Amino acid sequence: MAREGESRSFRRKFCKLCLDKVERIDYKDDRRLARFITDRGKIVPRRISGTCARHQSQITEAVKRARILALLPFTTDQYR
Amino acid sequence: MKLYETTIIYDPSLEETRINEEIDKVTQPITAAGGEVIDVQRWGKKKLAYIIRKRRDGTYVHVKHKSPPTLIAEMDRRFRLNESVLRHLSIIAPKDEPLPEVLPGEGGEPDAMATPAPAVVED
């Protein structure tokens, strides 16, 4: 994930979804959503991903729906 | 009448004909209640992100429909009683209509079984 190091001076994080002009995030779009969950299946917080509030809340809802439909994992524990 | 999207995951062992029957069981009450079935998509057999009732795969069916809200509760009840339904989800479809239709996992997952391009059937 985009972790800004100190050395990287002051680079502002930006919302990738705003850049792409994404209007709505679909819960069926599991490939796009996969970018916003960690490898443990957690939703990446805004402070890490830099997503704007609007898109973050859409991501959250979409991820939760996708989890119900087993498109995304709740956790990866069961495969260990 | 509201616009809904219902996604159902069926037991992967069900055959094509059984799936068709099951879909009928979903669509018929909709039209009977004065609703309208707008689109039926068959996503085919997909790998589940986690095991549900000891199944690793599921047959996905996605239905867009206009229905009276009371029917959704009834649908939910029937899905729960139906042993061949692994999972189901009904949501109110987003208002501002046409969003680019994305089928989950389109060529995304590393070789997610030999599913010959999720069959989209329009009725």
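For the structure itself, consult the block above.
Residues numbered from 1 in each chain as written. Chains lettered and ligands numbered in written order. Predicted model: local features only at pLDDT ≥ 70, side-chain atom pairs only at ≥ 80, totals over all residues.

**Comments concerning the overall build of chain A**
When its secondary structure is counted, chain A shows four helices and zero strands. Scored against the burial criterion, the 80 residues of chain A give a buried share of 29%. The long-range share in chain A, meaning contacts at least 24 apart out of those at least 6 apart in sequence, stands at 70%. (Helix = DSSP H or I, 4+ residues; strand = E, 2+ residues; numbered from the N terminus. Buried ≥ 20, exposed ≤ 12 C-beta atoms within 10 Å, placed from the backbone. Contact = placed C-beta atoms within 7 Å.)

**So, the interface of chain B and chain A**
Contacts between chain B and chain A engage 17 residues on the former and 15 residues on the latter. In terms of residue count, strand β2 (residues 36-52) of chain B provides more of the side of chain B that touches chain A than any other element does, five residues in total. Residue composition of the side of chain B that touches chain A, by class: twelve nonpolar, four polar and one charged. (Nonpolar A, V, L, I, M, F, W, Y, C, P; charged D, E, K, R; others polar.)

**Some words on the sheet that holds β2(B)**
Residue and element names in this part refer to chain B. Read across the sheet, four strands follow the order β2-β3-β1-β4 without closing on themselves; strand pairing throughout is antiparallel. Single-partner strands in this sheet number two, and they are β2 and β4 (85-92). Geometrically, the sheet is characterised by an average inter-axis angle of 20° between neighbouring strands, direction not taken into account. Both strand β1 (residues 2-10) and strand β3 (residues 55-67) contribute to a ladder of nine bridges, which runs antiparallel. Considered in β3, the bridge of Glu5 is made with Lys64. Each of β1, β3 and β4 is contacted by helix α2 (residues 69-81), which is oriented at about 165° to β4, the strand it contacts most. (Pairing = 2+ DSSP bridges. Axes fitted to C-alpha atoms, helices over the stretch in contact; angles between N-to-C directions.)

**Focus: the pairing of β1(B)**
Residues and elements named next belong to chain B. Where burial is concerned, most of β1 is hidden: seven out of the nine residues are buried. Note: β1 against β4, seven bridges, orientation antiparallel. In the sheet register, Ile9 faces β4, and the bridge partner there is Arg87.

**A few points about helix α1 (residues 16-32) of chain B**
The terminal C-alpha atoms of α1(B), which comprises 17 residues, lie 24 Å apart, in line with the 24 Å expected from a rise of 1.5 Å per residue. Positioned one or two residues after α1(B), Gly34(B) has a phi angle of 85°, which is positive. (Expected span 1.5 Å × (residues − 1).)

**Remarks on the environment of Lys42(A)**
Along the chain, the position of Lys42(A) falls in the loop between α2 (30-34) and α3 (46-49). Considered as a pair, Lys42(A) and Cys18(A) are 24 residues apart in the sequence and their alpha carbons are 22 Å apart.

**Let's talk about unusual backbone geometry**
Residues and elements named next belong to chain B. With a phi close to 45°, Arg53 is a non-glycine residue in the positive phi region. Of note, Arg53 is situated in the loop between β2 and β3. By the C-beta count within 10 Å, which is 10 here, Arg53 ends up exposed. Residues other than glycine seldom take positive phi values, yet Lys54 does so here, at roughly 65°. Among the structural elements, Lys54 can be located in the loop between β2 and β3.

Distances and angles like these do not, on their own, reveal function.
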